[in-house]
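Residues per chain are reported as follows:
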Amino acid sequence: MLHFAQIFSYGLISGALYGLVALGLSLVFGVMNYLIVAHGALIMMAAYITFWAFVYLKIDPFLFIVIVTPAFFVIGWILFKILFQSLMSFSEGEKIKNSLLISFGLLLVFSNMATLFWTADERAISTAYTGKVFDLFGVRLPYIGLGGVALAIIVIIALHLFLTRTYFGKAIRAVSLDHEAATLMGINVNRVCLVAFSLGFALAGIPGILTALHAFNPTVSFELTNKALIVLILAGFGSIKGVLIGGFLLGAIEAVGVYVMGTPYREVFGLILFVLFLMFRPQGLAGKKA
Amino acid sequence: MLEVKNVDVSYGDIQALWDVSLTARDEEIVALIGANGAGKTTVLKTITGVLKPTKGSVTLYGIRSDTIPAHKVVDLGVSMVPEGRRLFRDMTVLENLEIGGYTDRARGAKSENLRWISGVFPILEQRLHQLAGTLSGGEQQMLAIARSLMSDPKTLLVDELSLGLAPLIVKNIYKTLKEINTARKMTVVVVEQNVRLALEIGDRAYILENGRIAGEGKGSDLLNSEQVKKAYLAMK
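Residues numbered from 1 in each chain as written. Chains lettered and ligands numbered in written order. Predicted model: local features only at pLDDT ≥ 70, side-chain atom pairs only at ≥ 80, totals over all residues. Heavy atoms only, no water.

Caption draft 1: A look at the overall build of chain B. The helix and strand tally for chain B stands at 11 helices and 10 strands. Taking 2.2 N^0.38 as the reference for a compact globule, 236 residues should give roughly 18 Å; the C-alpha atoms of chain B span a radius of gyration of 17 Å, in line with that estimate. For chain B, with 236 residues in total, the buried portion stands at 58%. Long-range pairs, those at least 24 residues apart, make up 66% of the contacts in chain B between residues at least 6 apart in sequence. When the accessible surface of chain B is summed, it comes to about 10,200 Å², and 50% of that surface belongs to carbon and sulfur atoms. Chain B carries 30 positive and 28 negative side-chain charges, and their two centres are separated by 1 Å. (Helix = DSSP H or I, 4+ residues; strand = E, 2+ residues; numbered from the N terminus. Rg over C-alpha atoms; globule rule 2.2 N^0.38 Å. Buried < 20%, exposed > 50% of the residue type's maximum accessible area, 1.4 Å probe, protein only. Contact = heavy atoms within 4.5 Å. Areas by Shrake-Rupley, 256 points an atom, 1.4 Å probe, with all protein chains shown as cover. Lys, Arg positive; Asp, Glu negative; His and termini not counted. Charge placed at Lys NZ, Arg CZ, Asp CG, Glu CD.)

Next up, the structure:
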């Protein structure tokens, strides 16, 4: 029983990371129908930046959030202007296809650049608190994992408050529901999309620092994109609320699956869940019709 | 005063409006009638700047609106209630109203406008925290109008208000529009498929046929004209 609780808690810890990984992707998709599959690569880049900042400048990864998040906001802003702005006038389906193509290209470019610059070596930050655990009735909870869970909950609540309590956040939601009606209300749809897109990039920075705290290499970008897409289906496309729960669900199922069948099958359970959801509940957990 | 002058509008290669001119004087109710596909909605979208004319001009209170981005046209004092209501269905009634009053000017007057609108549509006040998509059809139409009123417009454009609503509800909403027009000295432009209704409420009306203005006149005059009787009211 204790063993099961241990496995399950690891599942929730990875689930929090999965939720964070999917958050930016979900926001951008929900607002503007752009499917940015490069999201995993952005997280990987953020992980490397966090890693080098720790190695050379001795900046604590959790503190580094205040630098990496705004930096990725700016990167998103620039890439939107160069690559993605021209898709704004396309129809819904064309937006998905074209953004998918462009961002798949970005995914390859970023992953290969990372291999070229930093080699395919496995890296991980080891801080003073790496490997330290908190003992809860015999269940060992690593501090880093707990930090990740706390971070995921804080970020998702903060995003939720931003989207429901501020005028700009409400404008983002209005745009996600109806571009033309939003324009008629005096909302600058292009600007809202630019900010939402950049925000999606900024949200790649946060799982980036968590990735840096675990072992990672350039191929993690594909793995993370894969997880993000699964969570997106579980949560329901474009649903922010569903993302955290979807992440936890994926983490838990993976952990239990590994417990029952063994580590080699780890990736399989997520994909089975993905297919099952597409077959039986395509609108996702949040229940919004796709 | 709203002035559309010799406007041509195209959707890509397909031209929808030819040389359309119309005016709506202050405090007037103007109806725009015509068959399906005649270009009524296109006229409204051109006024709000969502569509840009290839020829001609749109002037709102002395300022050209066809040369500025669509989201800035609201600032000139015109607001549109779109066809099919186009509410933000997954947002609450209150949030829909807040988005309606999104412009800087409207934000300052938010509580004042909310109070006014609660008076006009008391039912909405009871539903403030309900999702817009869960309202009944009539309530949704009221919310769509209320949302546009939140920007405190001088001219209100209403597209196909009666679509999918029971006649009694339609009548009541039009009555409310008429009251707003009188009380707030607001210009109202209505596009309506129900020609009789449109001509009854409109001080003046324009007839749109195949993208061209085919006639104009006082609502009551048109109601009795042979042209309208034959083409739109199925009377001989």
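Caption draft 2: Structural context of the nonpolar core. Among the nonpolar cores identified, the biggest contains 123 residues, and M32(A), Y34(A), F80(A), I187(A), F197(A), L2(B) and I47(B) are the most heavily contacted of them. Broken down by element, this core gets its largest block of residues, 15 residues, from helix 8 (residues 189–213) of chain A. Apart from the residues lying within four places of it in its own chain, the contact partners of Y34(A) are V28(A), F29(A), F80(A), F84(A), L87(A), M88(A), K95(A), S99(A) and F197(A). Of all hydrophobic cores here, the second largest spans 47 residues; its members include L94(B), F121(B), M150(B) and V228(B). (Core = buried A, V, L, I, M, F, W, Y, C linked by side-chain atoms within 4.5 Å.)

Caption draft 3: Representation of the pairing of strand 1 (residues 2–11) of chain B. Residues and elements named next belong to chain B. Of the strand pairs in this sheet, strand 1 and strand 2 (residues 14–24) are connected by seven bridges, and their pairing is antiparallel. In the strand pairing of strand 2, V9 is matched with L17. Where strand 1 hands over to strand 2, the hairpin turn is made up of two residues, of which G12 adopts a positive phi near 60°. The sheet contact formed by strand 1 and strand 4 (residues 55–60) spans five bridges and is antiparallel. Looking at the pairing, V4 lines up with V58 of strand 4. (Pairing = 2+ DSSP bridges.)

Caption draft 4: Molecular detail of the interface of chain B and chain A. Taken together, the contact pairs 24 residues of chain B with 19 residues of chain A. Buried surface at the junction of chain B and chain A, summed over both partners, amounts to about 2,100 Å²; 64% is from carbon and sulfur atoms. Broken down residue by residue, the surface that chain B buries against chain A is led by H71(B), F88(B) and Y102(B), which jointly contribute 29%. Scanning the region where chain B abuts chain A turns up four salt bridges. Among the salt bridges present, the one from E95(B) reaches R173(A), with a minimum N-O distance of 2.9 Å. Linking chain B to chain A there are five residue pairs in polar contact (both at pLDDT 80 or more). (Buried area = accessible area lost by both parts, 1.4 Å probe. Salt bridge = Lys/Arg side-chain N within 4 Å of Asp/Glu carboxyl O. Polar contact = N/O pair within 3.5 Å; in protein donor to acceptor, adjacent residues only side chain to side chain.)

Caption draft 5: Inspection of the packing of aromatic side chains at higher detail. With the rule as written, the count across this model stands at 17 aromatic pairs over all chains. Between Y48(A) and F216(A), the aromatic rings sit 4.8 Å apart at their centres with planes inclined by 70°, giving edge-to-face as the arrangement. Of this pair, Y48(A) sits in helix 2 (residues 39–57) while F216(A) sits in the loop between helix 8 and helix 9 (220–235), and the two are 168 residues apart along the sequence. The two residues Y48(A) and F216(A) agree in class, both being buried. Centre to centre, the rings of Y167(A) and Y102(B) are 6.2 Å apart; their planes meet at 65°, and the pair counts as edge-to-face. Here Y167(A), found in helix 6 (residues 167–177), pairs with Y102(B), found in the loop between helix 3 (93–100) and helix 4 (104–108), and the two come from separate chains. (Phe/Tyr/Trp six-rings, centres within 6.5 Å; stacked < 30°, edge-to-face > 60°.)

Caption draft 6: Spatial organisation of the pairing of strand 4 of chain B. Residue and element names in this part refer to chain B. Strand direction decides the pairing type here: strand 4 and strand 5 (residues 63–64), joined by two bridges, are antiparallel. Bridging across to strand 5, L60 finds its partner in I63. Linking strand 4 back to strand 5 in an antiparallel pair, the connection comprises two residues, with Y61 at a positive phi of about 50°.

Caption draft 7: Up close: a nonpolar patch on the surface. Residues and elements named next belong to chain A. A contiguous nonpolar surface patch, about 990 Å² in accessible area, is contributed by Y259, V260, M261, Y265, V268, I272, V275, L276, M279 and F280. Elements represented by at least two residues in the nonpolar patch include exactly helix 10 (240–261) and helix 11 (266–280). No other element matches helix 11, which puts six residues into the nonpolar patch. For Y259, the position within the fold is in helix 10. (Patch = residues over 30% accessible without salt bridge, like charges linked within 9 Å, V, L, I, M, F, W, Y side chains within 5 Å.)

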